[in-house]
Amino acid sequence: MSDSDNQEPMRPIPDGGLKDAMPTWLKRPPAWRSLPTVDERIERTLPEPDTSVIDPTSLVDVSDLPQWLQTIAAREVEKLPEPDDAVQHAIKVVQAEEAEAPELVDQSDIATPAVEPVVHPTVVEPTSASGSTRVLWAIIAILVIAVLILGALQFV
């Protein structure tokens, strides 16, 4: 006999009064139950793109700025003072030194002899197990045996 042949209604699950104690927001069915199906869904179209020209200077005016920025914008630009004769002399000396400096030789043109490094093989000798290593392995062995015994006792 299959489940489809048995048409008796399903009994409610006992909840011990939980359904009556739930707040109203929990009693509401989930939102996905009321979603429209594919056939019921209405396709929305995008609005026409905005092609108007925006002038950034019309967005913000100097009067929109804080007072301290308005003060900076209102002041006159001071001219930089002319360089002193000492500065002009220093510039001429530096330029003359650069002109007299010898050009650097391109290092890629110089042939360097290839020197192969000498490799000495290292000999690794096996070390004997120390006492602390033996203790560590003994503890691990005891733990493994304890886990196996507890696992076997679980099935008894």
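Residues numbered from 1 in each chain as written. Predicted model: local features only at pLDDT ≥ 70, side-chain atom pairs only at ≥ 80, totals over all residues. Heavy atoms only, no water.

Undergrad: Which residues make up the overall build of the protein chain, and what values go with them?
TA: Assigned secondary structure in the protein chain consists of six helices and zero strands. When the helices and strands of the protein chain are read in sequence order from the N terminus, they spell out α-α-α-α-α-α. A total of 156 residues make up the protein chain; the buried ones form 0% of that total. Accessible surface, the protein chain: about 16800 Å² in total, of which carbon and sulfur atoms supply 62%. (Helix = DSSP H or I, 4+ residues; strand = E, 2+ residues; numbered from the N terminus. Buried < 20%, exposed > 50% of the residue type's maximum accessible area, 1.4 Å probe, protein only. Areas by Shrake-Rupley, 256 points an atom, 1.4 Å probe, with all protein chains shown as cover.)

Undergrad: Mind laying out a nonpolar patch on the surface, listing which residues take part and the relevant values?
TA: Among the surface-exposed residues, Ile 54, Leu 59, Val 60, Val 62 and Leu 65 lie close enough to one another that they form a single nonpolar patch of about 470 Å² accessible area. Structurally, Leu 59 is set in helix α3 (residues 56-59). Given the relative accessible area of 58%, Leu 59 is considered exposed. (Patch = residues over 30% accessible without salt bridge, like charges linked within 9 Å, V, L, I, M, F, W, Y side chains within 5 Å. Salt bridge = Lys/Arg side-chain N within 4 Å of Asp/Glu carboxyl O.)

Undergrad: Explain the confidence of the model for the protein chain to me, using residue names and the numbers behind them.
TA: The predicted coordinates should not be examined in detail at positions where pLDDT is low. The predicted model of the protein chain averages 79 in pLDDT, with 83% of residues at 70 or higher. Within the protein chain, helix α6 (residues 131-154) carries the highest mean pLDDT (89), whereas α3 carries the lowest (78). (pLDDT = per-residue confidence, 0-100.)

Undergrad: Help me get a handle on helix α5 (residues 85-100), residues and values and all.
TA: Given a rise of 1.5 Å per residue, 16 residues ought to cover 22 Å, and the 23 Å separating the end C-alpha atoms of α5 matches this to within 8%. Little of α5 sits out of view: just zero of its 16 residues are buried. (Expected span 1.5 Å × (residues − 1).)

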